[in-house]
Amino acid sequence: MNIKLNNNTIEINANLNVAFKLQERFQMPYMKVIEHITTKEAKIDEQIKFLFICYQNGGGELTEQDFGNQLLSCNGISQINEYLEQMILNLQYPGMSEAEIEEELKKKIARIKRMSSIGIQ
């Protein structure tokens, strides 16, 4: 996944180590972190922290403050939200292309519908 910092495009890697680091930094289980970071209650600095942890895991050398400043200098709120969405999907489906992730999500939705149709939630 790529993000824009100071008009440079930087690649951020997603792997299971990120999930552990997110739990550690946010002091809550991974799924609670995801649940919180995608709600209206999430603060911008929390969203930046989430992305910084992903950036740092990929070997990024900026401090959290510098990362946040550069991220905010060239991105809007909608772009930051898009980065979060992409990162969450990449954490759930590492190594897959966007098209492969879309296909997996379609399969998952179909399974949920089948399970629901027979009374399993």
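Above this text sits the structure in question.
Scoring rules and cut-offs
Residues numbered from 1 in each chain as written. Predicted model: local features only at pLDDT ≥ 70, side-chain atom pairs only at ≥ 80, totals over all residues. Heavy atoms only, no water. Helix = DSSP H or I, 4+ residues; strand = E, 2+ residues; numbered from the N terminus. Buried < 20%, exposed > 50% of the residue type's maximum accessible area, 1.4 Å probe, protein only. Areas by Shrake-Rupley, 256 points an atom, 1.4 Å probe, with all protein chains shown as cover. Salt bridge = Lys/Arg side-chain N within 4 Å of Asp/Glu carboxyl O. Phe/Tyr/Trp six-rings, centres within 6.5 Å; stacked < 30°, edge-to-face > 60°. Lys NZ or Arg CZ within 6 Å of the ring centre and 35° of its normal.

Colleague: Please set out the overall build of the protein chain residue by residue, giving values where relevant.
Modeller: Helix and strand counts for the protein chain come out as six helices and two strands. Of the regular secondary structure in the protein chain, the N- to C-terminal order runs β-β-α-α-α-α-α-α. With respect to the principal axes defined by its C-alpha atoms, the protein chain has extents near 50 × 30 × 25 Å. Of all 121 residues assigned to the protein chain, the portion counted as buried reaches 33%. Taken as a whole, the protein chain presents about 7900 Å² of accessible surface, with 49% of it coming from carbon and sulfur.

Colleague: Could you give an account of the pattern of salt bridges, with specific residues and numbers?
Modeller: One pass over the structure, following the stated rule, counts two salt bridges. The closest approach of N and O atoms between arginine 25 and glutamate 64, which form a salt bridge, is 2.8 Å. With arginine 25 in helix H1 (residues 16-26) and glutamate 64 in helix H4 (residues 64-74), this residue pair connects regions lying 39 residues apart in the sequence. The partly exposed category is assigned to glutamate 64, whose relative accessible area is 28%. Between lysine 107 and glutamate 104 there is a salt bridge, with the nearest N and O atoms lying 3.6 Å from each other. Taken together, the positions of lysine 107 and glutamate 104, both in helix H6 (residues 98-117) and three residues apart, correspond to about one turn of that helix. What makes lysine 107 partly exposed here is its relative accessible area of 40%. Owing to a relative accessible area of 23%, glutamate 104 belongs among the partly exposed residues under this scheme.

Colleague: Hey, could you go over the packing of aromatic side chains for me, with residue numbers and the actual values?
Modeller: Under the definition given, this model contains three aromatic pairs. Arranged with centres 6.0 Å apart and planes meeting at 40°, the rings of phenylalanine 52 and tyrosine 55 form a pair that is tilted. On the criterion of helical spacing, the pair formed by phenylalanine 52 and tyrosine 55 is a turn pair, its members being three residues apart in helix H3 (residues 44-57). Comparing phenylalanine 52 with tyrosine 55, the two get one shared label, buried. One residue, lysine 49, lies across the ring of phenylalanine 26, its end atom 4.4 Å from the ring centre.

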